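Observations on chain architecture
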Amino acid sequence: SSGPLATDPHWCYAPDIWRHSGLQAAWAYPLRDGNNRCTGALGLLFHAPPPHGAEAQATWQHLECMARLASLGLTLHQQHTALHDSRQELAHVLSAIGEGVWDWNVHTNQVTHNLRWCAMMGLPPDYLHHPLEEFLALVHPEDLPRVELAIQSCLAGAGPYQSEHRMRHARG
């Protein structure tokens, strides 16, 4: 039971680990979340004396790189979980208030509605996703130029999209 771990105060709580396994050294690099908080560590355990010089520097750089990649993965997972939770909460709120809601994905040009919006417009439940052009076809013809102008102004960065306009019900 000789070697650097035999005297390292961080390992004194578990002497059996290093004593019975033959570990000589342990290196660790912190795992950090998106707010730079330490959430854990990625470590290397050495049964032989750790590398020195250029080899030690290269090993440390690899450990740092792996820890940063692991941190990115953990942060992405945390963000995905938070987004999922937020979407679930929004879905519960929208269901509770009973309002019709639509959303336009500018990148795919797809409009998505909730079931309540479809019901209010007299449309079947399978009308939940469709191109923007189909949505605009439901806008009253007298209001359409103003709606299109509001969309273009928003896309140009002039401010948020705001429009109060008439929509045609499926029955006319």
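A brief report on the enclosed structure follows. (Residues numbered from 1 in each chain as written. Predicted model: local features only at pLDDT ≥ 70, side-chain atom pairs only at ≥ 80, totals over all residues. Heavy atoms only, no water.)

**A word on helix H5 (residues 144-155)**
Given a rise of 1.5 Å per residue, 12 residues ought to cover 16 Å, and the 17 Å separating the end C-alpha atoms of H5 matches this to within 8%. Listed as buried for H5 are Val147, Ala150 and Ile151. The arc that holds every buried residue of H5, seen down its axis, measures 100 degrees, which confines them to one face. Turned more than 90 degrees from where H5 packs its buried face, Pro145 and Leu149 sit exposed. Just beyond H5, the residue with positive phi is Gly157, at close to 90 degrees. (Helix = DSSP H or I, 4+ residues; strand = E, 2+ residues; numbered from the N terminus. Expected span 1.5 Å × (residues − 1). Buried < 20%, exposed > 50% of the residue type's maximum accessible area, 1.4 Å probe, protein only. Arc of directions from axis to C-beta.)

**Considering the packing of aromatic side chains**
Following the criterion strictly, the structure yields six aromatic pairs and no others. A ring pair is formed by Tyr29 and Trp60, whose centres lie 5.6 Å apart and whose planes are at 65 degrees; its orientation type is edge-to-face. A residue pair is termed long-range when its members are at least 10 positions apart, and Tyr29 in strand S1 (residues 25-32) and Trp60 in helix H2 (residues 53-97) qualify at 31 residues. Owing to a relative accessible area of 32%, Trp60 belongs among the partly exposed residues under this scheme. Where Trp102 meets Tyr161, the ring centres are 6.1 Å apart and the plane angle is 75 degrees; that geometry is what we call edge-to-face. Taken together, the residues Trp102 in strand S3 (residues 102-105) and Tyr161 in the segment after H5 connect sequence positions 59 residues apart. A relative accessible area of 31% places Trp102 in the partly exposed class. Residue classification places Tyr161 among the partly exposed residues on the basis of a relative accessible area of 24%. Ring-pair connections join several aromatic residues into one group, and the members of that group are Trp27, Tyr29, Phe46 and Trp60. (Phe/Tyr/Trp six-rings, centres within 6.5 Å; stacked < 30°, edge-to-face > 60°.)

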